Amino acid sequence: LAPAVAYKESNLETNRKLWDLYAKDWKPEQDWVRKMADNLGEEWKSDALEHVGDEWSDRKSLQEVLDDFVFPHLKSGSVAAEIGCGGGRVAARVSPSCSEFHCFDISSEMLRRAQKALT
């Protein structure tokens, strides 16, 4: 990812390139992904990483956030969106509770990952 942070362009373009590279390079077996996931404890020691971003938090913490701040606001027929959806780890958990779910991200590569996570 080092080349992405060395751009002398706008913050917008730098972030787009950074997250595009992150998404392109992300694979569960990548050493840097495994190192990030290892900090989360035993649950990610197996090949359980499915979505870009699974390496950022444990399942229990993510579920607590969704249960406390997202699911109470969804009703049957809800239309929802996620800004900064990344690889779709949240979208994959929330979209089944919605009639429509829209993903937005600065990175086209992250949007491709999110689309894959949702299909």
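Residues numbered from 1 in each chain as written. Predicted model: local features only at pLDDT ≥ 70, side-chain atom pairs only at ≥ 80, totals over all residues. Heavy atoms only, no water.

A word on the pairing of strand β1 (residues 79–83). Taking every second residue as pointing to the same face, the buried face of β1 carries Ala80 and Glu82, while none of Val79, Ala81 and Ile83 on the other face is buried. Relative to strand β2 (residues 100–104), β1 runs parallel, the two being bridged by five bridges. Bridged to Ala81 within β2 is His102. Running through helix α5 (residues 89–94), the crossover from β1 to the neighbouring parallel element β2 is right-handed. (Buried < 20%, exposed > 50% of the residue type's maximum accessible area, 1.4 Å probe, protein only. Helix = DSSP H or I, 4+ residues; strand = E, 2+ residues; numbered from the N terminus. Pairing = 2+ DSSP bridges. Right-handed = clockwise from strand over helix to strand, strands pointing away.)

Attention now goes to the packing of aromatic side chains. In this structure the tally under the stated criterion is four aromatic pairs. For the ring pair Trp19 and Tyr22, a centre distance of 5.3 Å and an interplane angle of 55° mean the geometry is tilted. With a gap of three residues between them, Trp19 and Tyr22 both fall in helix α2 (residues 11–25), about one helical turn apart. Ring geometry for Tyr22 and Trp32: centres 4.8 Å apart, planes at 75°, overall edge-to-face. Residue Tyr22 is located in helix α2, and its partner Trp32 is located in helix α3 (residues 31–38); the two are separated by ten residues in the primary sequence. Among the aromatic side chains, those forming a connected cluster through ring pairs are Trp19, Tyr22, Trp32 and Trp56. (Phe/Tyr/Trp six-rings, centres within 6.5 Å; stacked < 30°, edge-to-face > 60°.)

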